[in-house]
Amino acid sequence: MNGLPEIAFVGRSNAGKSTAINALAQQRRLAFASRTPGRTRHINLYALGPKDAPDAYIVDLPGYGYAAVERSAKLQWQQVMADYLATRRSLKGLVLMVDARLGLTDLDQRLLAFVARRIGTGEVKLLVLLTKADKLSRRQADATVRATARTLAEFATDHADIGVALFSALSRHGVGDAAATLHAWVRSGEL
Ligand SMILES: Nc1nc2c(ncn2[C@@H]2O[C@H](COP(=O)(O)OP(=O)(O)OP(=O)(O)O)[C@@H](O)[C@H]2O)c(=O)[nH]1
Ligand SMILES: [Mg+2]
């Protein structure tokens, strides 16, 4: 990798990271190549922008919290994630995919703790997408947004750039807005 800015998708296993990346890949303003999602075992990178001169990378990371994974492998992966989130210079944006029916879990909050300092300084921007919103009523969805925003408030500083939004790859609710946010991150030149 050559130091281009990276926007990483993180979240529990099965949260819908790869599906979201696939849905976003089809947005005209963000268009990039993607492929059919499946359980992500390795880190997949997608180049954003012109083929000969990409602006950024979208990083699809394997999820955490998958019960069947052996303990030693879990600990190893946790360390890789912690290092990546806390120290990777090219990491400029984080998209945390959360199942809207679960809301932010302990595991999500532990992950955020690894990157909290950099979110506070504004070095890493954060967008929390409450996905699979198609499975919730409007009322339940709004309640999850409020609860999530309350938890995220603890990361707020004058410099932090933190967003939370409902999302559904299925109904495409919020796909255009999420694409616009990522597009703005890349275009702002601040990445
Ligand atoms: N109803 C609904 N299902 C979804 C949505 N997004 C993803 N799914 C389903 O959730 C499952 C997991 O999706 P993935 O995109 O593979 O999840 P992931 O976070 O990449 O999982 P790992 O790679 O294992 O970490 C799949 O069966 C998807 O079809 C959504 O917006 N609505
Ligand atoms: Mg995946």
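In what follows, the structure referred to is the one given above.
Residues numbered from 1 in each chain as written. Chains lettered and ligands numbered in written order. Predicted model: local features only at pLDDT ≥ 70, side-chain atom pairs only at ≥ 80, totals over all residues.

1. Some details on the overall build of the protein chain
Scanning the protein chain from terminus to terminus reveals 5 helices and 6 strands. Helices and strands in the protein chain line up, N terminus first, as β-α-β-β-α-β-α-β-α-β-α. The C-alpha radius of gyration of the protein chain comes to 16 Å, within 12% of the 16 Å expected for a compact globule of 191 residues. Expressed as lengths along the three principal axes of its C-alpha atoms, the size of the protein chain is roughly 45 × 40 × 40 Å. (Helix = DSSP H or I, 4+ residues; strand = E, 2+ residues; numbered from the N terminus. Rg over C-alpha atoms; globule rule 2.2 N^0.38 Å.)

2. So, unusual backbone geometry
If a residue is not glycine, its phi is most likely negative; likewise, a peptide bond is most likely trans. The backbone of Lys132 shows a phi angle near 60 degrees, a positive value even though the residue is not glycine. With respect to the helices, strands and loops of the structure, Lys132 is situated in the loop between strand E5 (125-131) and helix H4 (138-152). Among the residues examined, Lys132 registers 23 C-beta atoms within 10 Å and is labelled buried. Positive phi values are uncommon outside glycine, yet Arg172 reaches one of about 70 degrees. Position of Arg172 relative to the elements: it lies in the loop between strand E6 (162-166) and helix H5 (175-187). Arg172 gets classed as partly exposed once you count the C-beta atoms within 10 Å, which come to 13. (Buried ≥ 20, exposed ≤ 12 C-beta atoms within 10 Å, placed from the backbone.)

3. Regarding the pairing of E6
Of the pairings in the sheet, the one linking E5 to E6 comprises 5 bridges and is parallel in character. Its bridge partner being in E6, Leu127 is matched across the sheet by Gly163. (Pairing = 2+ DSSP bridges.)

4. Thoughts on the sheet that holds strand E4 (residues 91-99)
Strand order across the open sheet formed by 6 strands is E2-E3-E1-E4-E5-E6, with mixed pairing between neighbours. A strand with exactly one partner marks an edge of an open sheet, and here the two such strands are strand E2 (44-48) and E6. Averaged over all pairs of adjacent strands, the angle between their axes in this sheet comes to 20 degrees, without regard to strand direction. For E4 and E5, the ladder comprises 7 bridges, and the chain directions are parallel. Residue pairing across strands places Leu96 opposite Val128, the latter belonging to E5. (Axes fitted to C-alpha atoms, helices over the stretch in contact; angles between N-to-C directions.)

5. Concerning the nonpolar core
Counting 45 residues, the largest nonpolar core has Phe9, Ala20, Val98, Leu129 and Leu130 as the members making the most contacts within it. Of all the elements in the fold, those that place two or more residues in this core are strand E1 (6-11), helix H1 (17-25), strand E3 (56-60), E4, helix H3 (106-121), E5, E6 and H5. Among the elements that take part in this core, E4 stands out by supplying 6 residues, more than any other. (Core = buried A, V, L, I, M, F, W, Y, C linked by C-beta atoms within 7 Å.)

6. A word on the site of ligand 1
With respect to spatial proximity, 20 residues lie near ligand 1, and among them Gly16, Ser18, Thr19, Thr40 and Gly63 are the closest. Broken down by element, the residue count for the shell around ligand 1 peaks at 3 residues, all from H1. When the residues that make up the shell around ligand 1 are grouped by side-chain class, the tally is 5 nonpolar, 10 polar and 5 charged. (Near = placed C-beta within 6 Å. Nonpolar A, V, L, I, M, F, W, Y, C, P; charged D, E, K, R; others polar.)

7. A word on H5
Counted at 1.5 Å a residue, the expected span for H5 with its 13 residues is 18 Å, and the 18 Å between its end C-alpha atoms agrees. Taken together, the buried positions of H5 are occupied by Ala178, Thr181, Leu182, Trp185 and Val186. Along H5, the residues classed as buried sweep out an arc of 135 degrees about the axis, all on the same side. (Expected span 1.5 Å × (residues − 1). Arc of directions from axis to C-beta.)

8. A short note on H3
For H3, built from 16 residues, the straight-helix expectation of 22 Å at 1.5 Å per residue is met to within 8% by its first-to-last C-alpha distance of 23 Å. Where H3 bends most, at Val115, the angle is about 60 degrees. Burial in H3 covers these residues: Asp108, Leu111, Leu112, Val115, Arg118 and Ile119. Against the buried residues of H3 lie E1, helix H2 (71-87), E4, E5 and E6. (Bend = angle between axes of the 7 residues up to and from the residue. Contact = placed C-beta atoms within 7 Å.)

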